[in-house]
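# Examination of the molecular architecture
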Amino acid sequence: MESVADQDRYFVPPPSRWPAVGAVALFCIGLGAAFAVNGMLLGKLSLGLGFLILVFMLVGWFGDVIRESRLGVYLGREDMSFRWGMGWFIFSEVMFFGAFFGVLFWVRTVSVPLLGSLDYKMLYPDFEASWPLSTGPGISQAYQAMEAWGLPALNTLILLSSGATVTWAHWGLLQGKRGQLKLGLLLTVLLGFTFLTLQMHEYGHAFSVLHLTLGSGAYGMTFYMLTGFHGLHVLLGSIILLVVWLRSLNGHFDASQHFAFEAASWYWHFVDVVWLLLFIFVYWL
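Owing to the predicted nature of the structure, the values given are computational and were not obtained by experimental measurement.

A few words now on the packing of helix α4 (residues 76-117) against helix α8 (residues 259-284). Contact geometry for α4 and α8: axes closest at 11 Å, N-to-C directions at 10 degrees. Between α4 and α8, the angle falls in the class roughly parallel. For the pair α4 and α8, the contacting residues are Asp 79, Phe 82, Arg 83, Met 86, Phe 89, Ile 90, Glu 93, Val 94, Phe 97, Phe 101, Leu 104 and Arg 108 in the first and Phe 259, Glu 262, Ala 263, Trp 266, Tyr 267, Phe 270, Val 274, Leu 277, Leu 278, Phe 281 and Val 282 in the second. Across the contact of α4 with α8, the residue classes break down as 18 nonpolar, no polar and five charged.

Let us look at the packing of aromatic side chains. Enumeration according to the criterion identifies 27 aromatic pairs in this entry. Plain terms: the ring middles of Tyr 203 and Phe 223 are 6.4 Å apart, the flat faces sit at 55 degrees to each other, and that makes the pair tilted. One end of the pair, Tyr 203, is in helix α6 (residues 178-208); the other, Phe 223, is in helix α7 (residues 217-249), with 20 residues separating them in the sequence. When the ring of Trp 275 is compared with that of Tyr 283, the centres are 5.6 Å apart and the planes differ by 55 degrees; the resulting orientation is tilted. The burial state of Trp 275 is the same as that of Tyr 283; both residues are buried. Sitting over the ring of Trp 18, Arg 17 keeps its end group 4.1 Å from the ring centre.

As enumerated under the stated definition, the model contains three salt bridges in all. For the salt bridge of Arg 67 with Asp 64, the shortest nitrogen-to-oxygen distance reads 2.5 Å. Separated by three residues within a single helix, Arg 67 and Asp 64 lie in helix α3 (residues 41-70), roughly one turn from each other. Glu 262 is paired through a salt bridge with Arg 83; the nearest N and O atoms lie 2.6 Å apart. Remark: Arg 83 occurs in helix α4 and Glu 262 occurs in helix α8; sequence separation between them is 179 residues. For Glu 262, a relative accessible area of 14% translates into the label buried.

Now for the environment of Gly 204. Its place among the elements puts Gly 204 in helix α6. When its relative accessible area of 35% is taken as the criterion, Gly 204 is described as partly exposed. For Gly 204 and Tyr 74, which are 130 residues apart along the polypeptide, the C-alpha to C-alpha distance reads 47 Å.

The end-to-end C-alpha distance of α8, which contains 26 residues, comes to 36 Å, matching closely the 38 Å that a straight helix rising 1.5 Å per residue would cover. If you look at α8, its biggest bend is around 30 degrees, right at Leu 278.

Parameters and conventions
- Residues numbered from 1 in each chain as written.
- Predicted model: local features only at pLDDT ≥ 70, side-chain atom pairs only at ≥ 80, totals over all residues.
- Heavy atoms only, no water.
- Axes fitted to C-alpha atoms, helices over the stretch in contact; angles between N-to-C directions.
- Helix = DSSP H or I, 4+ residues; strand = E, 2+ residues; numbered from the N terminus.
- Parallel < 35°, antiparallel > 145°, perpendicular 65-115°, else oblique.
- Contact = heavy atoms within 4.5 Å.
- Nonpolar A, V, L, I, M, F, W, Y, C, P; charged D, E, K, R; others polar.
- Phe/Tyr/Trp six-rings, centres within 6.5 Å; stacked < 30°, edge-to-face > 60°.
- Buried < 20%, exposed > 50% of the residue type's maximum accessible area, 1.4 Å probe, protein only.
- Lys NZ or Arg CZ within 6 Å of the ring centre and 35° of its normal.
- Salt bridge = Lys/Arg side-chain N within 4 Å of Asp/Glu carboxyl O.
- Expected span 1.5 Å × (residues − 1).
- Bend = angle between axes of the 7 residues up to and from the residue.

In structure tokens:
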């Protein structure tokens, strides 16, 4: 149990170089992006350098936090601060995806019916106010919509299974079963990368067979924006869980001190919920 003094104490780390390193990384990325869109070779070099510095910063900064945690300097107040920080981060992600789901809702329930009520025959003779749009603004090539049953349904099963395996790993941690913890985390990571592999195959099928691209009107744009950003979150979540798994192999975490594991599992469950909404509203309905 913590003493009253420990509960009132808050650890203040020494000055860190990592924010300055991160600023340099973001400067190189921003400069590289500006040069790259103008077709300059320096743009790709600057982008690559910026991302390398960013990875170096993340490894170093998180490494410092891990070492401080292992030294036992984080107690009740620090733990609560981390939990609030992770909670607000996930809330910001909810708002991020909420904006894209809002766009999808607006297009399907407001914009398309409105266009159907107007006389668009002069501009788009074959226009039909149905979703997904087959003709209309921004559609330069006929395409087919993605079917829900097939790879999307399989990926849904994979992510739901990964949610179960990370929960199983959590139970193992709380019960002191290190083998269950390690196996559950490993299965979760493998399922995450399997999901990404199947999604890449799905994108290839969409481009080459269905002719579904970002230029396929509102449907193509909302499809790739929602599924693409979700795939990016799955990649980040898989990397986070991989780091947690490697830490567990090194004996990190116990039943009372394992916030890093909890934060990773919160994020992964959020990714699962977002995919369920995607499957229902983007693929199925």
